[in-house]
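These are the residues of each chain, in order.
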Amino acid sequence: MSGGFRDGARDAGRRRRRGRGEQAVVPDAEFASYYGRPVLKRPEWKPLDVAGYLFLGGLAGASSLLAAGADVTARPALARTAKLGAAGAIALSLAALVHDLGRPARFLLMLRVFKPTSPMSMGSWLLAGYAPLTMAAAAAEVSGRYRTAGAAATAGAAALGPAVATYTAVLISDTAVPSWHEGYREMPYVFAGSGATAAAGLALAAVEPAQTGPARRTAVLGAVLELGALRLMRRNMGQAAEAYEEDRPRAWLRAAEVLTAGGAALAAGGAALAAGAAGRGRVLTALAGTALLAGSAALRLGVFHAGVVSAEDPRYTVVPQRDRLTARSRTGEP
Amino acid sequence: MTDDIARAAGHTDPPPRMGFFTDTSVCIGCKACEVACKEWNAIPEDGLELTGMSYDNTQGLGASTWRHVAFVEQRTPPPGAAHGGAPDDVDVFDAARNLTGSPGGGEVRWLMASDVCKHCTHAACLDVCPTGSLFRTEFGSVVVQEDICNGCGYCVSACPYGVIERRPEDGRAWKCTLCYDRLGVGMEPACAKSCPTESIQFGPLEELRERAAGRLAQLHAAGAGDARLYGEDPRDGVGGDGAFFLLLDEPEVYGLPPDPVVTTRDLPGMWRHAAAAAVSLAALAVAGFAGRPR
Ligand code: SF4
Ligand code: SF4
């Protein structure tokens, strides 16, 4: 499978794609393709719908945890924001999901079967249980009535919240898209961390600093988990990691790293300030919260676009599979 | 065992698993299959475009193209050199001008291959479909029920061959049905019926595999050492294809993935990692509330 026969064609393709003098992470492997056409179909999901769905699911799931914790530790303002945030985010995420369907009117067919091999089916059932709980928790919070039911709903939402925040990693990993599939081991941790920073961000942006101690700590821990797992994922996924280096995904992920790390640092630092000058601390924590929310959203967009890049370029499909075959023929396996 | 998928899918006493063996070594690129498929299945027109990719203006399989004939123009290397080549390294006009001579020492050859949905033994599209719109028929083929599909597009990203696609006009997913309607009344699929060279052969998969092995041996004996079967091995990453091929070059030259794996093979691992990550997230939140009062 070597020889000069392939070089010309491949180089032409390369030049077209890497417009801005970007460096490849590892030297390009030689490969053949059918006129440079992709092997896979490009994911048909719309970036804003699906990245939004991933982001809002993380925000909602982790907010439910903050809500329950705030109830237990008597932080009413934090509880209120987290409950309303979870309900609002999950409602918006469902809207994004329905909007992305080719046949939105047939949305309910998602619940036609219970299918463990389909993460989208499992996710639909999960949300069918989770969304009403967040609504009930928020309604009890706003009305100030039905406290027992509200507390039960809050606890139930908190029990399901972590699954809501992480199942979306399975959703996108369970595809043939190389830069999603190859990250399936670390992606749930990236999404868990990203959900935590988003929920903490919302709390920091909306709640008075006196009650946001847990949110600040969640922000820092979440940022460490998110950015650490992202590094690990990109290190472990082989050639598929290169898609994360291409223009569009790279820009989003750079933004995500700066906003998330910056927001977490600001949140931690803001604590010290809030203790002294209350006014300035309030502004800083709000800023930190906004940065964390934006960082979480940027991360989802970066991951989404990396997958699209890897599906559109036959290199990401052919080269690792060819390498696998070569390695196998060397060891004599079938 | 892999051929018992119809029974595993709940069909009692199914007929033998049916499929295609596409022998590309006898394909003449006439596209009768593309036309017959469009006609029989009443598939809408999906753009008339001149691609410059040899005689292939269809480009690939999609929502409205269920058979696609690939045209690969390549220069076979001079005797003794390495084999293979990307299709677009030949300028046909140059080649035509130099027909008497032998440019670059090799000859120009055409590879033609009629591609189709593979009707995988382990079909990712079917696994991930959340509505149950995609189902396994009694013949072992994989079919979309268009009245149930809600257009979620999951199958599109899951197929390792890039076959199934959403049709923009109606938002639903479409692909080859192995002419489910014709099979039901004992007829063969329209493409196989129309193929003038018997490049597309339809029949019980078991029988087709035997026939393919014979044909491969024949080609190898005749000196065509590059001939190979693609998708016939039940031990491959998708458990073998219900539609498999005899190719004359590496699969990627025809736009096929060299070693596809059904994504759901890793699904148990995915759920395990997601569960552990969910626990981490809960622990992280508990840590956030633990300790300090503020
Ligand atoms: S080739 Fe793709 S569309 Fe066809 S059965 Fe296999 S996974 Fe499904
Ligand atoms: S687009 Fe239709 S056929 Fe494909 S997975 Fe979704 S519901 Fe199933």
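Everything below is about the structure shown above.
The rules behind the values
Residues numbered from 1 in each chain as written. Chains lettered and ligands numbered in written order. Predicted model: local features only at pLDDT ≥ 70, side-chain atom pairs only at ≥ 80, totals over all residues. Heavy atoms only, no water. Helix = DSSP H or I, 4+ residues; strand = E, 2+ residues; numbered from the N terminus. Buried < 20%, exposed > 50% of the residue type's maximum accessible area, 1.4 Å probe, protein only. Contact = heavy atoms within 4.5 Å. Areas by Shrake-Rupley, 256 points an atom, 1.4 Å probe, with all protein chains shown as cover. Near = heavy atom within 4 Å. Nonpolar A, V, L, I, M, F, W, Y, C, P; charged D, E, K, R; others polar. Pairing = 2+ DSSP bridges. Axes fitted to C-alpha atoms, helices over the stretch in contact; angles between N-to-C directions. Polar contact = N/O pair within 3.5 Å; in protein donor to acceptor, adjacent residues only side chain to side chain. Salt bridge = Lys/Arg side-chain N within 4 Å of Asp/Glu carboxyl O. Buried area = accessible area lost by both parts, 1.4 Å probe. 1 Å grid on protein atoms, 1.4 Å probe; cavity = no way out; pocket = protein on both sides within 12 Å on 5 of 7 lines; lining within 4 Å. Points joined across faces, edges and corners; volume = space filled by probe spheres on them. Core = buried A, V, L, I, M, F, W, Y, C linked by side-chain atoms within 4.5 Å. Parallel < 35°, antiparallel > 145°, perpendicular 65-115°, else oblique. Left-handed = near helix turned anticlockwise from the far one by under 90°. Phe/Tyr/Trp six-rings, centres within 6.5 Å; stacked < 30°, edge-to-face > 60°. Lys NZ or Arg CZ within 6 Å of the ring centre and 35° of its normal. Patch = residues over 30% accessible without salt bridge, like charges linked within 9 Å, V, L, I, M, F, W, Y side chains within 5 Å.

(A) Up close: the overall build of chain A. Helices and strands together make up the secondary structure of chain A, namely eleven helices and zero strands. The linear arrangement of helices and strands in chain A, starting from the amino end, is α-α-α-α-α-α-α-α-α-α-α. Classification of the 334 residues of chain A by burial places 56% in the buried group. Pairs at least 24 residues apart make up 78% of the contacts formed inside chain A by residues separated by at least 6 positions. Total accessible area computed for chain A in this model is approximately 12,800 Å², and 63% of it derives from carbon and sulfur atoms.

(B) Looking closely at the overall build of chain B. Looking only at helices and strands, chain B has nine helices and ten strands in total. Counting across all 294 residues of chain B, residues that qualify as buried make up 57%. Look at the contacts in chain B between residues 6 or more apart in sequence, and 65% of them connect residues 24 or more apart. Per element, the accessible surface of chain B, about 12,000 Å² overall, is 57% carbon and sulfur.

(C) Local environment of the site of ligand 1. Around ligand 1 lies a shell of 14 residues, among which C117, K118, C120, C125 and C159 of chain B are the nearest. Each residue belonging to the shell around ligand 1 can be placed in one class, and the counts come to eleven nonpolar, one polar and two charged.

(D) The arrangement of the sheet that holds strand β9 (residues 228–230) of chain B in detail. Residue and element names in this part refer to chain B. Spatial ordering of the open sheet is given by β8-β1-β10-β9, a layout of four strands whose pairing is mixed. Each edge of the open sheet is held by one strand with a lone partner, namely β8 (200–204) and β9. Strand-to-strand twist across the sheet, computed as the mean angle between neighbouring axes with direction ignored, equals 20 degrees. The sheet contact formed by strand β1 (residues 18–23) and strand β10 (residues 243–247) spans four bridges and is parallel. Bridging from a neighbouring strand, F21 pairs with F244 of β10. Packed onto the sheet, helix α8 (residues 205–221) meets β1, β8, β9 and β10 and runs at close to 135 degrees relative to β8.

(E) Spatial organisation of the side chain of S64 of chain B. Residues and elements named next belong to chain B. Within the secondary structure, S64 sits in the loop between α2 (32–41) and β2 (67–76). Among the polar contacts made by the side chain of S64, one reaches the side chain of R167 at a distance of 3.0 Å. Look past the residues within four positions of S64 in its chain and what remains in contact with it is K38, I43, P44, D46 and R167.

(F) Structural view of the pattern of salt bridges. The full count for this structure, using the stated rule, is 26 salt bridges over all chains. The partner of K83 of chain A in a salt bridge is E141 of chain A, with the nearest N and O atoms 2.9 Å apart. Here the residue K83 of chain A occupies a position in helix α3 (residues 76–100), and E141 of chain A occupies one in helix α4 (residues 119–143), the gap between them amounting to 58 residues. Where E252 of chain B meets R322 of chain A, a salt bridge forms, and the shortest distance between an N and an O atom there is 2.7 Å.

(G) Here's a closer look at the interface of chain A and chain B. With 80 residues of chain A in contact, the opposing surface of chain B contributes 91 residues. Taken over both partners, the interface formed by chain A and chain B buries close to 7,000 Å², and the fraction arising from carbon and sulfur atoms is 58%. With its nearest N and O atoms 2.4 Å apart, the salt bridge here joins D259 of chain B to R328 of chain A. The interface formed by chain A and chain B includes 33 residue pairs in polar contact (both at pLDDT 80 or more). Put simply, the parts of the chain that give the side of chain A that touches chain B at least two residues each are α2 (47–72), α3, α4, α5 (147–173), α7 (187–206), α8 (213–236) and α11 (314–331) of chain A. Residues of the side of chain A that touches chain B, tallied by class, amount to 45 nonpolar, 17 polar and 18 charged.

(H) Just the site of ligand 2, in detail. Of all residues adjacent to ligand 2, which total 13 residues, the nearest are C129, C149, C152, G153 and C155 of chain B. Residues of the shell around ligand 2, tallied by class, amount to eight nonpolar, five polar and no charged.

(I) Highlighting the layout of surface pockets. Residue and element names in this part refer to chain B. Roughly 1,000 Å³ of internal volume is contained in the largest pocket. Lining the largest pocket are 43 residues, with D46, T58, G60, L61 and T65 positioned closest to its centre. Per element, the largest residue contribution to the lining of the largest pocket is four residues, and it comes from α2.

(J) Structural detail: the nonpolar core. The biggest cluster of nonpolar side chains holds 146 residues, and the ones touching the most others in it are W180, M187, F191 and Y244 of chain A together with F20 and L134 of chain B. Non-local contacts of M187 of chain A, meaning those with residues more than four positions away in its chain, are made with A169, I172, S173, S179, W180, M233, Y244 and V303 of chain A. In this structure, L65 and A192 of chain A together with A277 and L281 of chain B belong to the second largest nonpolar core, which totals ten residues.

(K) Layout of the environment of R265 of chain B. Tracing the backbone shows R265 of chain B in the loop between β10 and α9 (267–289). Linking R265 of chain B and G214 of chain B, residues 51 residues apart in sequence, is a C-alpha distance of 32 Å.

(L) How the structure looks around the packing of α7 of chain A against α9 of chain B. It is the contact of α7 of chain A with α9 of chain B, at a shortest axis distance of 8 Å, that shows an interaxial angle of 25 degrees. As judged from the angle between their axes, α7 of chain A and α9 of chain B are roughly parallel. In terms of crossing hand, the pair formed by α7 of chain A and α9 of chain B is right-handed. Contacts from P188, Y189, A192 and A196 of chain A of α7 of chain A reach α9 of chain B at H273, A274, A276, A277, S280, L281 and L284 of chain B. Looking at the contact of α7 of chain A with α9 of chain B, its residues break down into nine nonpolar, two polar and no charged.

(M) The packing of aromatic side chains, seen in detail. Under the counting rule described, the total for this entry stands at 13 aromatic pairs over all chains. Taken together, a centroid distance of 6.0 Å and an interplanar angle of 65 degrees make the contact between F20 of chain B and F202 of chain B edge-to-face. Taken together, the positions of F20 of chain B in strand β1 and F202 of chain B in strand β8 put the pair 182 residues apart, joining distant regions of the chain. The structure contains a cluster of three or more aromatic residues connected by ring pairs, namely W45, W180 and F304 of chain A together with Y154 of chain B. If you follow R300 of chain A out to its NZ or CZ, it ends over the ring of F191 of chain A, 4.4 Å from the centre.

(N) Quick peek at a nonpolar patch on the surface. All names here are of chain A. A cluster of nonpolar side chains, L108, L111, F114 and W125, forms an exposed patch at the surface whose accessible area comes to about 410 Å². You can see L111 is positioned in the loop between α3 and α4. Note on L111: relative accessible area 30%, which makes it partly exposed.

(O) The arrangement of the packing of α2 of chain A against α9 of chain B in detail. Where α2 of chain A meets α9 of chain B, the axes come as close as 10 Å, and the angle between the chain directions of the two elements is 35 degrees. The element α2 of chain A and its partner α9 of chain B pack so that their crossing is right-handed. Of the residues in α9 of chain B, those in contact with L65, L66, G69 and A70 of chain A of α2 of chain A are L281, A282, A285 and F289 of chain B. Looking at the contact of α2 of chain A with α9 of chain B residue by residue, the classes come out as seven nonpolar, one polar and no charged.

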